[in-house]
Amino acid sequence: MSVIVLLGGPGAGKGTQAVGLAERLHVPHVASGDLFRAAVRDGTPIGLEAKAYMERGELVPDAITVRMLQARLGQPDAADGVVLDGFPRDRAQAKVLDEGLAEHGARVDRAISIEVPADELVRRLSGRWVCAEAGHVYHETAHPPRDAGRCDEDGSPLIQRADDKPDTIQARLALQLTSLSEVIEHYETAGVLTRVDGSSPIDDVTEAIHAAVRPGSLA
Ligand code: AP5
């Protein structure tokens, strides 16, 4: 079983990196933000509860988040491992994850902190476009689509996320970076943390992350 956690502030590049990493490891990519956005879109009870927190740039309360993640990680495709993107997001979530994995004789094998200065995070979120169909991620200068306004993968239109408005970006940074540093500390203490310079070009970040998960590098 291979359990990899990608950590980083809003816009650090977790989603950009998680897709290829999951393919490489033959495990699913589980992104808590994507699960919440799908729940909001589908109008499920979790989506109805989470929507207001997301719009304010706050973390959704742990009780809701943990319930959603436990359901997803209990599905058969996650039995051999997972790349987690956006979870855990605070110390309590990290402890719940440790306990859940321990019940299956597993643990987080590697936590990768993608480190990017706050002003660069703002630049990235302000220029981000995602495809309406599947959430494929682009940036207007760092990673533009081949055809303006259209996804390279599925041709669907590109849109801006509701929480990428300037006020919400500032709130996400102000409200979420402290709990992120607690999670980084949690994995540093556990001896499974790798820090990666996330301000490098996308391919260089990919190379650093893949090096951190090569057999022999895992805990
Ligand atoms: P979530 O969807 O997880 O948002 P986030 O953490 O703010 O992260 P993002 O998806 O915005 O950014 P990313 O790091 O994936 O960056 P990306 O690859 O897109 O969560 C949304 C909300 O849901 C939260 O605010 C919260 O309310 C709630 N939530 C989710 N999980 C929760 C939890 N566990 N507990 C409680 N609440 C939770 O890249 C960003 C941009 O930069 C893109 O345009 C990309 O093309 C570009 N880019 C990427 N890498 C590079 C690079 N190296 N150089 C230049 N540009 C780059």
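Our structure is the block above this text.
Draft legend 1. Quick peek at the nonpolar core. With 29 residues, the main nonpolar core has Val5, Leu7, Phe36, Leu84, Leu97, Val108 and Tyr187 as its most contacted residues. Counting residues per element, the ones that place at least two in this core are β1 (2-7), α2 (32-42), α3 (45-56), α4 (62-73), β3 (81-85), α5 (91-102) and α7 (166-190). Apart from the residues lying within four places of it in its own chain, the contact partners of Val5 are Leu84, Phe87, Pro88, Leu97, Val108, Arg110, Ala111, Ile112 and Tyr187.

Draft legend 2. A look at the environment of Asp109. Inspection of the secondary structure puts Asp109 in the loop between α5 and β4 (110-115). Once the C-alpha coordinates of Asp109 and Tyr187 are considered, the two residues, 78 residues apart in sequence, prove to be 10.0 Å apart. Here Val3 takes part through its backbone nitrogen, which lies 2.7 Å from a polar atom of the side chain of Asp109.

Draft legend 3. Seen up close, the site of the ligand. Neighbouring residues of the ligand: 38 residues in total, closest Thr16, Glu58, Arg128, Tyr138 and Arg172. One of the side-chain nitrogen or oxygen atoms of Thr16 is found 2.6 Å away from an oxygen atom of the ligand. The contact in question runs from an oxygen atom of the ligand to an N or O atom on the side chain of Arg128, over 2.6 Å. For the ligand, the accessible surface in isolation is 1000 Å², of which the surrounding protein chains cover 97%. Contributions of two or more residues to the shell around the ligand are made by α1 (14-25), α2, α6 (118-126), β6 (137-139), α7 and α8 (202-212). With 4 residues, the single largest contributor to the shell around the ligand is α2. Of the residues in the shell around the ligand, the class split is 14 nonpolar, 15 polar and 9 charged.

Parameters at a glance
Residues numbered from 1 in each chain as written. Predicted model: local features only at pLDDT ≥ 70, side-chain atom pairs only at ≥ 80, totals over all residues. Heavy atoms only, no water. Core = buried A, V, L, I, M, F, W, Y, C linked by side-chain atoms within 4.5 Å. Buried < 20%, exposed > 50% of the residue type's maximum accessible area, 1.4 Å probe, protein only. Helix = DSSP H or I, 4+ residues; strand = E, 2+ residues; numbered from the N terminus. Contact = heavy atoms within 4.5 Å. Polar contact = N/O pair within 3.5 Å; in protein donor to acceptor, adjacent residues only side chain to side chain. Near = heavy atom within 4 Å. Areas by Shrake-Rupley, 256 points an atom, 1.4 Å probe, with all protein chains shown as cover. Nonpolar A, V, L, I, M, F, W, Y, C, P; charged D, E, K, R; others polar.

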